[in-house]
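Observations on the model geometry
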Amino acid sequence: MSLQHSVTAGRAGIESSYQHSLLETPTFETEALKTLEAYCERHAEVFIEDVSSLYAGLGLPLPANPKAWGKLTQIAKKRGWLSLEPCGSKRRVFGHGTYGPVWKSLISGRANG
């Protein structure tokens, strides 16, 4: 399998997870994006697993598949909240201890000013 094929398959999986989550939990996108934006405003670095844990702790509707957060990361980049150039990595709790990217917030401090 080529790298391009793997990337394409990964993106398709994220999109499928996202669409399934919207069907199962229609309010997920709105609530999750509010949480993600607020997190980006308050933190210089963003680890999506931290955001999803915060979101779950607020008692908000969980996505049918946690991979849906990948699509929200892409939306956040398009809105100018995140740079998708990793600024580090952190061990995932839910990813069997694998490392995940830490993204740079482009709006950190906005909530304070």
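Residues numbered from 1 in each chain as written. Predicted model: local features only at pLDDT ≥ 70, side-chain atom pairs only at ≥ 80, totals over all residues. Heavy atoms only, no water.

1. Focus on the overall build of the protein chain
Check the secondary structure of the protein chain and you find four helices and three strands. Beginning at the N terminus, the succession of helices and strands in the protein chain can be written as α-α-β-α-α-β-β. Over its C-alpha trace the protein chain gives a radius of gyration of 14 Å, about what one expects of a compact globule, namely 13 Å for 113 residues. Taking the principal axes of the C-alpha coordinates as reference, the protein chain spans close to 45 × 30 × 25 Å. (Helix = DSSP H or I, 4+ residues; strand = E, 2+ residues; numbered from the N terminus. Rg over C-alpha atoms; globule rule 2.2 N^0.38 Å.)

2. Overview of the environment of Arg11
Along the chain, Arg11 falls in helix 1 (residues 3-24). Judged by relative accessible area, which is 55%, Arg11 ranks as exposed. For Arg11 and Pro26, which are 15 residues apart along the polypeptide, the C-alpha to C-alpha distance reads 21 Å. (Buried < 20%, exposed > 50% of the residue type's maximum accessible area, 1.4 Å probe, protein only.)

3. Brief notes about the packing of aromatic side chains
Two descriptors summarise a pair of aromatic rings, namely the distance from one centre to the other and the angle between the planes of the rings. Counted under the stated rule, the structure contains three aromatic pairs. Ring geometry for Phe28 versus Trp69: centroids 5.6 Å apart, planes at 85°, classification edge-to-face. Of the two residues, Phe28 sits in helix 2 (residues 28-42) while Trp69 sits in helix 4 (residues 68-78), which places them 41 residues apart along the sequence. Assigned by exposure class, Phe28 and Trp69 land together as buried. Here Tyr55 and Trp69 contribute two aromatic rings whose centre-to-centre distance is 5.4 Å and whose plane-to-plane angle is 80°, an arrangement assigned as edge-to-face. (Phe/Tyr/Trp six-rings, centres within 6.5 Å; stacked < 30°, edge-to-face > 60°.)

4. Concerning the nonpolar core
Counting residues in each nonpolar core, the largest one holds 20 residues, and the members touching the most others are Phe28, Leu36, Cys40, Val46, Trp69, Leu72 and Trp81. Where this core is concerned, the elements lending two or more residues are helix 2, helix 3 (48-57) and helix 4. No other element matches the six residues that helix 2 contributes to this core. When sequence neighbours within four positions are dropped, the list of residues in contact with Leu72 reads Tyr18, Phe28, Glu29, Ala32, Leu33 and Leu36. (Core = buried A, V, L, I, M, F, W, Y, C linked by side-chain atoms within 4.5 Å. Contact = heavy atoms within 4.5 Å.)

5. Side note on helix 3
All of the buried residues along helix 3 are Ile48, Glu49, Val51, Ser52 and Tyr55. End-on, the buried residues of helix 3 take up no more than an arc of 160°, which puts them together on one face. Taken together, the buried residues of helix 3 touch helix 2, strand 1 (45-46), helix 4 and strand 3 (99-105). One or two residues past the end of helix 3 sits Gly59, with phi positive at roughly 80°. (Arc of directions from axis to C-beta.)

6. Focus on the pattern of salt bridges
According to the stated counting rule, one finds five salt bridges in the structure shown. For Glu31, the salt bridge goes to Lys34, with nearest N and O atoms at 3.8 Å. Taken as a pair, Glu31 and Lys34 lie in helix 2 at a separation of three residues, close to a single helical turn. Residue Lys34 is classed as partly exposed on the basis of its relative accessible area of 49%. Residue Lys90 pairs with Asp50 through a salt bridge whose shortest N-O separation is 2.7 Å. Residue Lys90 is found in strand 2 (residues 82-91), and its partner Asp50 is found in helix 3; the two are separated by 40 residues along the sequence. (Salt bridge = Lys/Arg side-chain N within 4 Å of Asp/Glu carboxyl O.)

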